[in-house]
Amino acid sequence: MPLIYINAPVGTFEPAKRDELADTLTTIALDAESLPNTPFVRSTTWIYFRDYDDGTVYHGGKPGSRKVISIEVNAFQGGLDAMAKKKLISGFTGAIAKTLGLKQADLVPVYIVLRDVPTIDWGVFGETITLDDLRNPAADAAPI
């Protein structure tokens, strides 16, 4: 059930490509967290694309000339072990490269920060939720 923020300069992602990328990143995140890929669990994964205007993104202390992307992933503490984190980082980076049309040898301009959030610090609809709730949802759980 990750909560993901993708920060990029305006124009980095074409609107049509965002839909495809969001779907791909959702699948990668669920797989990395060992969550079932069901309509309910997919509906608990949120991705926010945040575009930044020219002159608001700096690289090396200067207005950025390269479209560097940062991704913030908030996930339940314990949901991603070291191998799962590597899998998520590699998968997200590969998906961004594909979306941007980069070649395999190209340096992919993506920085990824993973945050492990204790479940007691994660509220959903006025309640807390656990990793077990998502790994073992009710068979008839309707998407949010």
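What you see is a predicted model, and the numbers here were worked out from it, not measured in a lab.

### Considering unusual backbone geometry
- Residues other than glycine seldom take positive phi values, yet S34 does so here, at roughly 55°.
- Assignment of secondary structure puts S34 in the loop between α1 (15–32) and α2 (39–42).
- At F125, a residue that is not glycine, the phi angle is positive and equals roughly 55°.
- Turning to its location among the elements, F125 is positioned in the loop between β7 (123–124) and β8 (127–128).

### A closer look at the nonpolar core
- Judged by nonpolar contacts, the single largest core of 25 residues is most densely connected at I6, L25, I69, I71, F92 and I96.
- Counting only elements with at least two residues in this core, the list comes to β1 (3–9), α1, β5 (69–76), α3 (82–100) and β6 (110–117).
- Residues within four places of I96 in sequence aside, it is in contact with F13, L21, I69, I71, V108 and V110.
- Of all hydrophobic cores here, the second largest spans twelve residues; its members include L35, V41, V124 and L131.

### Side note on the UniProt feature "domain: 4-oxalocrotonate tautomerase-like" (unreviewed entry) in the protein
- The UniProt record marks residues 71–130 with the feature "domain: 4-oxalocrotonate tautomerase-like" (unreviewed entry), using the residue numbering of this structure.
- End C-alpha to end C-alpha, residues 71–130 measures 23 Å, and it is 32% helix and 30% strand.

### Details of a nonpolar patch on the surface
- Together, W46, Y48, F125 and I144 line one region of the surface with nonpolar side chains, adding up to about 480 Å² of accessible area.
- Among the residues examined, F125 registers a relative accessible area of 70% and is labelled exposed.

### Considerations on the pattern of salt bridges
- All chains considered together, the criterion is met by six salt bridges.
- Among the ionic pairs, D23 bridges to R42, the shortest N-O distance being 2.6 Å. Of the two residues, D23 is situated in helix α1 and R42 in helix α2; the sequence distance between them amounts to 19 residues.
- As a salt-bridge pair, R115 and E72 come within 3.3 Å of each other at their nearest N and O atoms. With R115 in strand β6 and E72 in strand β5, the pair connects residues that are 43 residues apart, well separated along the chain.
- If you follow the salt bridges from partner to partner, you end up with R50, E72 and R115 in one network.

Cut-offs applied
Residues numbered from 1 in each chain as written. Predicted model: local features only at pLDDT ≥ 70, side-chain atom pairs only at ≥ 80, totals over all residues. Heavy atoms only, no water. Helix = DSSP H or I, 4+ residues; strand = E, 2+ residues; numbered from the N terminus. Core = buried A, V, L, I, M, F, W, Y, C linked by side-chain atoms within 4.5 Å. Buried < 20%, exposed > 50% of the residue type's maximum accessible area, 1.4 Å probe, protein only. Contact = heavy atoms within 4.5 Å. UniProt positions renumbered as here; feature names shortened; annotations may be inferred. Patch = residues over 30% accessible without salt bridge, like charges linked within 9 Å, V, L, I, M, F, W, Y side chains within 5 Å. Areas by Shrake-Rupley, 256 points an atom, 1.4 Å probe, with all protein chains shown as cover. Salt bridge = Lys/Arg side-chain N within 4 Å of Asp/Glu carboxyl O.

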